[in-house]
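# Coordinate analysis (summary)
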Amino acid sequence: MKDLIIKALDEAFALLEKQVPQTKNVTKYKCISGDNVKDIVKFMAENNIPDSAWFDTDENDKACLCYEMNVQTTDKEKLAFKKRRFNNAVWSFVYKALTQNGYKRTGFNSYLLKEFDDTTVYDMYMAKDFDRLCKYYSLSFIKN
């Protein structure tokens, strides 16, 4: 069981790594004043504001030109994405690996999950705590 789970988790992790967003769209605000409004085209050119910009107000109700900009995601955002998606991403890999190798899905008392309250599947995988992962998945699968 352990080897099957490790292989499934490795495959799921490789796929998830490819899905991690490398960029994101953020809205930029560039406030304008009376002098700038007179020559808005010049103001936009000087501030590298694209033609797709729109008018809006900032948190202080000042008039602004707004536009979308594509920026790199941070390492923190990438990690949050992986942690958020990992458990669901690996489930189908583990399910397929185990059921194709003589295991069947079984119900269990959810109280048994209490033992795993201090961690996540992602954290166990990254720590290479495969014995604990095996115990976690053995709650849901038994050998036919």
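Refer to the structure presented above.
Attention in this report is confined to the structure presented alongside it. Keep in mind that this is a model prediction, so the values were computed, not measured.

## Focus: the overall build of the protein chain
- A count of helices and strands for the protein chain gives six helices and five strands.
- Secondary structure elements of the protein chain occur, N-terminal to C-terminal, as α-β-α-α-β-β-α-β-α-α-β.
- Its C-alpha atoms give the protein chain a radius of gyration of 25 Å, more than 25% over the compact-globule value 15 Å for 144 residues.
- Counting only residues that meet the buried cut, the protein chain has 30% of its 144 residues in that class.
- Intrachain contacts of the protein chain at a sequence separation of at least 6 include 73% that bridge at least 24 residues.
- Summed over all atoms, the accessible surface of the protein chain reaches about 9700 Å², with 50% contributed by carbon and sulfur.
- Of the side-chain charges in the protein chain, 23 are positive and 21 negative, and the distance between the mean point of each set is 8 Å.

## Some remarks on the pattern of salt bridges
- In this structure the tally under the stated criterion is nine salt bridges.
- Between aspartate 131 and lysine 2 there is a salt bridge; the shortest N-O distance is 2.7 Å. Residue aspartate 131 is located in helix H6 (residues 130-138), and its partner lysine 2 is located in helix H1 (residues 2-19); the two are separated by 129 residues in the primary sequence.
- Two residues, glutamate 46 and lysine 42, come together in a salt bridge whose shortest N-O distance is 3.9 Å. Taken together, the positions of glutamate 46 and lysine 42, both in helix H3 (residues 40-46) and four residues apart, correspond to about one turn of that helix.
- The exposure class assigned to lysine 42 is partly exposed, which follows from its relative accessible area of 49%.

## A short note on H1
- Taking 1.5 Å per residue as the helical rise, H1 with its 18 residues ought to reach 26 Å, and the 26 Å between its terminal C-alpha atoms agrees with that figure.
- Of the residues making up H1, those classed as buried are Ile5, Ile6, Ala8, Leu9, Ala12, Phe13 and Leu16. The arc that holds every buried residue of H1, seen down its axis, measures 165°, which confines them to one face. When the buried face of H1 is taken as reference, the exposed residues oriented beyond 90 degrees from it are Asp3, Lys7 and Lys18.
- The inward-facing, buried residues of H1 abut helix H4 (75-99), helix H5 (121-126) and H6.

## What about unusual backbone geometry?
- One non-glycine residue with positive phi stands out, namely aspartate 61, at about 60°.
- Under the relative-accessibility criterion, aspartate 61 is labelled exposed at 63%.
- With a phi close to 55°, lysine 128 is a non-glycine residue in the positive phi region.
- Residue placement: lysine 128 occurs in the loop between H5 and H6.
- You can call lysine 128 exposed: its relative accessible area is 60%.

## A look at the nonpolar core
- Grouped together as the largest cluster of nonpolar side chains are 27 residues, with contacts concentrated most on Leu9, Phe86, Val121, Leu133 and Tyr137.
- For this core, the elements supplying multiple residues, two or more each, are H1, H4, H5 and H6.
- The element that contributes the greatest number of residues to this core is H1, accounting for seven residues.
- Dropping the residues within four chain positions of it, tyrosine 137 is found in contact with Met1, Ile5, Leu9, Asn87, Val90, Trp91, Val94 and Val121.

## Here we look at the packing of aromatic side chains
- Inspection of every chain in the model, using the stated rule, returns eleven aromatic pairs.
- When the centroid spacing of 5.5 Å and the interplanar angle of 35° are considered together, the rings of tryptophan 91 and phenylalanine 141 count as tilted. Here tryptophan 91, found in helix H4, pairs with phenylalanine 141, found in strand E5 (residues 141-143); they are 50 residues apart in sequence, far enough to count as distant.
- You can call tryptophan 91 partly exposed: its relative accessible area is 30%.
- On the basis of relative accessibility, which here comes to 2%, the residue phenylalanine 141 falls in the buried class.

The rules behind these values
Residues numbered from 1 in each chain as written. Predicted model: local features only at pLDDT ≥ 70, side-chain atom pairs only at ≥ 80, totals over all residues. Heavy atoms only, no water. Helix = DSSP H or I, 4+ residues; strand = E, 2+ residues; numbered from the N terminus. Rg over C-alpha atoms; globule rule 2.2 N^0.38 Å. Buried < 20%, exposed > 50% of the residue type's maximum accessible area, 1.4 Å probe, protein only. Contact = heavy atoms within 4.5 Å. Areas by Shrake-Rupley, 256 points an atom, 1.4 Å probe, with all protein chains shown as cover. Lys, Arg positive; Asp, Glu negative; His and termini not counted. Charge placed at Lys NZ, Arg CZ, Asp CG, Glu CD. Salt bridge = Lys/Arg side-chain N within 4 Å of Asp/Glu carboxyl O. Expected span 1.5 Å × (residues − 1). Arc of directions from axis to C-beta. Core = buried A, V, L, I, M, F, W, Y, C linked by side-chain atoms within 4.5 Å. Phe/Tyr/Trp six-rings, centres within 6.5 Å; stacked < 30°, edge-to-face > 60°.

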